[in-house]
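The lines below spell out each chain.
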Amino acid sequence: QVQLVESGGGLVQPGGSLRLSCAASGIIFSINAMGWYRQAPGKERELVARITSLGNTNYADSVKGRFTISRDNAKNTVYLQMNSLKPEDTAVYYCNVLKKGIAVYPWGQGTQVTVSS
């Protein structure tokens, strides 16, 4: 049974930073591409960052230069370092395994990120 458990969210002021973590179990983590998604109230879930099994990364334009995705295969964990946060980054953040660019497994509970002064 695949489990994806996100953590690290919280309330932060504009310009602040957070580091999100996603622990995966039930999969061979190292061979899978992983992605971070977010869903803001009233909006569709969107992919903001992805990392391949080889460590290649790409980002949505809205977060490029501010967010960094990374992975630790020994810990079966993918991270999202978020810097220079803006109010529009407020959302629930989720991770998932990507196959051909599509999220594969049921969503976890996500972690709430709120950027507000």
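Please refer to the structure higher up on the page.
Note that the coordinates shown come from a computational prediction; the quantities given were computed from them, not determined experimentally.

What to know about the pattern of salt bridges
Once the charged atoms of two side chains with opposite charge are near each other, the side chains can pair.
And then number 1: The full count for this structure, using the stated rule, is four salt bridges.
And then number 2: Among the ionic pairs, R38 bridges to E46, the shortest N-O distance being 2.8 Å.
And then number 3: According to the relative accessible area criterion, R38 is buried, its value standing at 6%.
And then number 4: Residues K64 and D61 are paired through a salt bridge, measuring 3.1 Å at the closest nitrogen-oxygen approach.
And then number 5: D61 sits in the exposed class, given a relative accessible area of 66%.
And then number 6: Residues joined in a network through salt bridges with shared partners are R38, E46, R66 and D89.

Description of the pairing of strand β1 (residues 3–7)
And then number 1: Burial along β1 is one-sided: the residues L4 and E6 are buried and none of Q3, V5 and S7 is.
And then number 2: Pairing of β1 with strand β3 (residues 18–25) involves five bridges; the strand directions are antiparallel. Residue pairing across strands places Q3 opposite S25, the latter belonging to β3.

Things to note about the packing of aromatic side chains
And then number 1: Taken as a whole and judged by the stated rule, the model has two aromatic pairs.
And then number 2: Considering the side-chain rings of Y37 and W107, the 4.9 Å spacing of their centres and the 80° angle between planes classify their relative orientation as edge-to-face. With Y37 in strand β4 (residues 33–39) and W107 in the loop between β10 (102–103) and β11 (111–115), this pair connects stretches of sequence that are 70 residues apart.
And then number 3: Of the residues examined, Y37 reaches a relative accessible area of 9% and is grouped as buried.
And then number 4: An aromatic cluster of at least three residues, connected via ring pairs, comprises Y37, Y94 and W107.
And then number 5: Its end group placed over the ring of Y79, R19 keeps NZ or CZ at 3.9 Å from the ring centre.

The rules behind the values
Residues numbered from 1 in each chain as written. Predicted model: local features only at pLDDT ≥ 70, side-chain atom pairs only at ≥ 80, totals over all residues. Heavy atoms only, no water. Salt bridge = Lys/Arg side-chain N within 4 Å of Asp/Glu carboxyl O. Buried < 20%, exposed > 50% of the residue type's maximum accessible area, 1.4 Å probe, protein only. Helix = DSSP H or I, 4+ residues; strand = E, 2+ residues; numbered from the N terminus. Pairing = 2+ DSSP bridges. Phe/Tyr/Trp six-rings, centres within 6.5 Å; stacked < 30°, edge-to-face > 60°. Lys NZ or Arg CZ within 6 Å of the ring centre and 35° of its normal.

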